[in-house]
Amino acid sequence: MAEHYSSFDRRGWRWFAQRVTAAFLIVVLAFHFMLLHFVNHAYEITLAGTTARMSQVGYFVTMVLFLVTATFHGVNGVYNALVNQGIDGSQKKAVATVLVAASALLVIQGIRVALAMTGMNVNF
Amino acid sequence: MSQSYERGLVEDFGRWREFSAGMWAWVFHKFTGWVLIGYLFTHIAVLSTATSGASVYNQTLGGLEELLLVRILEVGLLAVAVFHILNGIRLLFVDLGVGLDSQDKSFYASLVITGLIAIASVPTFLTGAF
């Protein structure tokens, strides 16, 4: 019988959040690829078409949630991979600080881009 | 019934000759995960041209799509994403303790389906590339 095998500490909230975001991302990543490569081809993408999609509230909210959950899922995965690699103590704190800062910048810039895609002026 | 055990340093890739199907699934999931998070940062950087207006955005995306290398990399990205999704579904079932006895078979199925989808997507990704 196969032993159970997971890199994550099951006592932590990050283990649970990784699974919840995974379930969401499975659906939305597949949808995103399907819509922007098979329904609309990437080589046909223009800002006008992007704005038409992003101006729909449901699509906009889905894409922002996609950004936030993908950032968390990816960065949390990187952090766990590095912890598995053996980082500890001050190394662990430094990695966590850099990853949280990188995530915050990515989400802020991503939301700024999403707003620009609705036609809003984001250059202040 | 699942059980956990002390396995030492997990990312000891020097042991790759001893890896079982489950370990390869774990390695591929890590690799595809690193590619996807790296791509996410790149993706937002490219899409940031939307803040500079339609002409910059359209020229940037159009210019990238004219490169054959980008089209080929897109097929690779699809393969990476499909494997990560399929193996992710497999992992969610493993976490729930469902199908543990056939977790090696579900890994091989993930690889085969990823390969088939990637091959089937080639005409779509290469349309207009030549």
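Okay, so let's go over this structure. Position labels on residues start from 1 in each chain and follow its written sequence. Labels are handed out in written order, letters beginning with A for the chains and numbers beginning with 1 for the ligands. Confidence filtering applies because this is a predicted model: local features only for residues at pLDDT of at least 70, side-chain atom pairs given and counted only at 80 or more, and all residues used for totals across whole chains, interfaces and linings. Heavy atoms from the whole structure form the basis of all side-chain values; hydrogens and water molecules are not counted.

1. Digging into the nonpolar core
Here is the rule: We call a set of buried residues a nonpolar core when its members are Ala, Val, Leu, Ile, Met, Phe, Trp, Tyr or Cys and they connect through side-chain atoms within 4.5 Å of each other. A simple rule labels every residue: compare its accessible area, found with a 1.4 Å probe on the protein chains alone, to the largest value its type can have, and call it buried under 20%, exposed over 50%, or partly exposed in between. In DSSP terms, a helix is any run of H or I states spanning at least four residues, a strand is any run of E spanning at least two, and both are numbered starting from the N terminus. Residues are treated as being in contact if the distance between any of their heavy atoms lies within 4.5 Å.
Core analysis: the biggest nonpolar cluster contains 41 residues, and Phe-33, Met-54, Phe-66 and Met-117 of chain A together with Tyr-57 of chain B have the highest contact counts within it. Only α1 (13–39), α2 (47–54), α3 (57–85) and α4 (89–117) of chain A together with α1 (21–47), α2 (54–65) and α3 (68–95) of chain B provide two or more residues apiece to this core. With 10 residues, α3 of chain A is the largest single contributor of residues to this core. Those residues in contact with Met-117 of chain A, other than ones at most four positions away along the chain, are Thr-50, Thr-51 and Met-54 of chain A together with Leu-47, Ala-50 and Tyr-57 of chain B.

2. Examining the interface of chain B and chain A
The line we're drawing: As a working definition, buried area equals the accessible area (1.4 Å probe) given up by two parts on being put together, with both sides summed. Here, a salt bridge means any Lys or Arg side-chain nitrogen found within 4 Å of an Asp or Glu carboxyl oxygen. Note that Gly is not counted as nonpolar here; it falls among the polar residues with everything else outside the nonpolar set of Ala, Val, Leu, Ile, Met, Phe, Trp, Tyr, Cys and Pro and the charged set of Asp, Glu, Lys and Arg.
Opposite the 47 residues of chain B that make contact, chain A presents 48 residues. Buried area between chain B and chain A, summed over both chains or domains, comes out near 4100 Å², and the portion from carbon and sulfur atoms is 69%. If you look at where chain B meets chain A, you find 1 salt bridge. Across the salt bridge formed by Asp-95 of chain B and Arg-19 of chain A, the nearest N and O atoms sit 2.6 Å from each other. Of all the secondary-structure elements, those providing two or more residues to the side of chain B that touches chain A are α1, α2, α3 and α4 (103–126) of chain B. With 12 residues, α3 of chain B is the largest single contributor of residues to the side of chain B that touches chain A. Taken together, the residues of the side of chain B that touches chain A sort by class into 25 nonpolar, 14 polar and 8 charged.

3. Remarks on the environment of Ala-104 of chain A
Note on placement: Ala-104 of chain A falls in helix α4. C-alpha of Ala-104 of chain A to C-alpha of Arg-19 of chain A: the two residues are 85 residues apart in sequence and 21 Å apart in space.

4. Brief notes about α4 of chain A
The condition that has to hold: Here a helix's expected span is defined as the number of its residues, less one, multiplied by 1.5 Å.
Spanning 29 residues, α4 of chain A covers 42 Å between terminal C-alpha atoms, matching the ideal 42 Å at 1.5 Å per step. All of the buried residues along α4 of chain A are Leu-99, Ser-103, Leu-106, Val-107, Gly-110, Val-113, Ala-114, Ala-116 and Met-117 of chain A.

5. Remarks on the pattern of salt bridges
Residue and element names in this part refer to chain B. Following the criterion strictly, the structure yields 2 salt bridges over all chains and no others. Residue Arg-71 pairs with Glu-65 through a salt bridge whose shortest N-O separation is 3.0 Å. Of the two residues examined, Arg-71 and Glu-65, each falls in the buried class.

6. Quick look at a nonpolar patch on the surface
All names here are of chain A. Operational definition: A patch consists of residues exposed above 30% relative accessible area that lack any salt bridge, with like charges linked at up to 9 Å and nonpolar side chains (Val, Leu, Ile, Met, Phe, Trp, Tyr) linked at up to 5 Å. Surface exposure here means Shrake-Rupley accessible area, sampled with a 1.4 Å probe, where a residue is shielded only by the protein chains that are shown.
A cluster of nonpolar side chains, Val-57, Val-61 and Leu-65, forms an exposed patch at the surface whose accessible area comes to about 270 Å². Among the secondary structure elements, Val-61 is positioned in helix α3. Of the residues examined, Val-61 reaches a relative accessible area of 41% and is grouped as partly exposed.

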